[in-house]
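# Geometric and topological summary
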Amino acid sequence: MGLDGRVALVTGAGRGIGREIALLLASRGAKVVVNDLGGDWRGEGADPGPVGEVCRAIESTGGTAVGDGGSVSDAADANAMVQRAIDEFGQLDILVNNAGILRDRMIFSMADEDWDSCIAVHLRGHFLTTRAACAHWRAQAKATGAPVDGRILCMTSEAGLYGNVGQANYSAAKAGIASFSVTVAREMQRYGVTCNAIAPRARTRMTEGTFGELPTGADGADTWGPENVAPIVAALAGKKGSGYTGQVFVCGGGVAQVIAPYSVAAEVTFGDRPEVEDVEAFLLDALGSQSGPVPFPDLGLTPSSRS
């Protein structure tokens, strides 16, 4: 998994999962652009301190890093952070889209701003940085006539895969990111770029607002530590990760999963024009008299109440 000579941009890398990803990629030899606006978990405020601390931590162990305080939801900032990797290190090889916020509310209480800000940081943020990186890689591939060996890692969530109470905005954004990742994988495969999505299970400022303090093991082992998500990013970013694209993974909390894509669970062939009663019979046969959402995975945690 050596990443010597590779250059990575990690967004939302000032704390939590992003910080651990940046540290691990750097320890494997990558030069890292550490991006973080430095706001709170709601996306409010700005603080350059976390980015500086991560850069110093990387440099203290012999690694190479440069900080970036731009917002992923701003097109100019997104373009600039991609360009910073190219200007500082001569290239970009790995993009890790990790920046995110929470604005949890029940749907009947959710303000426009709660919806818009969550979509802007997560879904728009993934789009803007990925567009900038892919435009660069496509131009490079066309200029050289050779694939570029680029990597994109996008952070989705099990809330996006299964839905979660009080998180309609976050779930919608994360579901969009999963589909976005598969689409980008299809579009960029011809240029030698892979794109995968990861749903992390880890203790962060964001999960504390949803589940409270996550437990540690009786023996002191911390399966919920954000450092346990970083290895799958490093694996997919490394040489052996070149064969995997368009996939959705869950990792952290002591497990790793490959998520199966949508598939047809039931089907019926109608004539030219089905009657309502035909559709009713199909639903009864396929789903029984009642059906509900697919259950959210039981993580052994109790979600906090949301107003």
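The coordinates are above.
Read on for an overview of the structure. (Residues numbered from 1 in each chain as written. Predicted model: local features only at pLDDT ≥ 70, side-chain atom pairs only at ≥ 80, totals over all residues. Heavy atoms only, no water.)

## Notes on the overall build of the chain
What counts here: Counting from the N terminus, the helices are DSSP H or I runs at least four residues long and the strands are E runs at least two residues long. Our radius of gyration is a C-alpha quantity, and the globule rule it is checked against amounts to 2.2 Å times the number of residues to the power 0.38. Classification of residues uses two cut-offs on accessible area relative to the type maximum, computed with a 1.4 Å probe and protein chains only: under 20% is buried, over 50% is exposed, and between them is partly exposed. Only heavy atoms enter the contact rule, under which two residues are in contact if any of them lie within 4.5 Å. Note on areas: Shrake-Rupley with a 1.4 Å probe; residue coverage comes only from the protein chains shown.
When helices and strands are tallied, the chain shows nine helices and eight strands. On C-alpha atoms alone, the chain measures out to a radius of gyration of 21 Å, which is about the 19 Å that the 2.2 N^0.38 rule sets for 307 residues. With the C-alpha coordinates of the chain rotated into their principal frame, the extents come out at 70 × 50 × 40 Å. Buried positions account for 46% of the 307 residues belonging to the chain. In the chain, of all internal contacts separated by at least 6 residues, the share reaching a separation of at least 24 is 71%. For the chain, the exposed area adds up to about 15,000 Å²; of that, 52% sits on carbon and sulfur atoms.

## Examining the sheet that holds strand E4 (residues 94-97)
Selection rule: At least two bridges found by DSSP between two strands is the condition for calling them paired. To define axes, lines are fitted to C-alpha atoms, for helices over the stretch in contact only, and angles between the resulting N-to-C directions are given on a 0 to 180 degree scale.
Read from one edge to the other, the open sheet built from eight strands follows the order E3-E2-E1-E4-E5-E6-E7-E8, with strand pairing classed as mixed. A single partner strand is all that each edge strand has here, and the edge strands are strand E3 (65-68) and strand E8 (255-259). Each neighbouring strand pair of the sheet contributes to a mean axis angle of 20°, computed without reference to strand direction. As judged from the five bridges shared by strand E7 (residues 248-252) and E8, these two strands associate in the antiparallel manner. Across the sheet, residue Phe249 finds its bridge partner in E8, namely Val258.

## Concerning the environment of Asp36
So the rule is basically this: Identification of polar contacts relies on pairs of N or O atoms within 3.5 Å, with a donor-acceptor requirement for protein atoms, meaning one able to donate a hydrogen and the other able to accept it, and with residues adjacent in sequence counted only if both atoms are side-chain atoms.
As for its position among the elements, Asp36 is in the loop between strand E2 (31-35) and helix H2 (49-60). Placed 243 residues apart in sequence, Asp36 and Val279 show a C-alpha to C-alpha distance of 51 Å. Residues in contact with Asp36, not counting those within four places in the same chain, are Gly12, Ala13, Gly14, Arg15, Val51, Asp68, Gly69 and Gly70. Among the polar contacts listed, one links the side chain of Asp36 to the backbone nitrogen of Gly14, at a separation of 2.8 Å. Within the structure, Asp36 has its side chain in polar contact with the backbone nitrogen of Gly38 (distance 2.7 Å).

## Considerations on a nonpolar patch on the surface
Put simply, the rule reads: The patches reported here contain residues having more than 30% relative accessible area and no salt bridge. Joining distances are 9 Å for like charges and 5 Å for nonpolar side chains (Val, Leu, Ile, Met, Phe, Trp, Tyr). By convention in these notes, a salt bridge is any Lys or Arg side-chain nitrogen within 4 Å of a carboxyl oxygen on Asp or Glu.
Together, Val268, Phe270, Val279, Leu283 and Leu287 make up an exposed nonpolar region whose accessible area comes to about 380 Å². Assignment of secondary structure puts Leu283 in helix H9 (residues 276-287). Residue Leu283 is classed as partly exposed on the basis of its relative accessible area, which comes to 42%.

## Describing the pairing of strand E1 (residues 7-10)
To be explicit about the condition: The handedness of a crossover follows from its direction of travel: if, with the strands pointing away from the viewer, the path from the first strand over the helix to the second runs clockwise, the crossover is right-handed.
Residues Val7 and Leu9 line one face of E1 and the alternating positions Ala8 and Val10 line the opposite face, and both faces are buried. Bridging between E1 and E2 involves four bridges; their strand directions are parallel. Across the sheet, residue Ala8 finds its bridge partner in E2, namely Val32. Once the chain exits E1 it traverses helix H1 (residues 16-27) before rejoining the sheet at E2, and the crossover so formed is right-handed. Where E1 lies against E4, three bridges are found, and the strand directions are parallel. The residue bridging Val10 from the neighbouring strand is Val96, located in E4.

In short, geometric facts, not functional conclusions.
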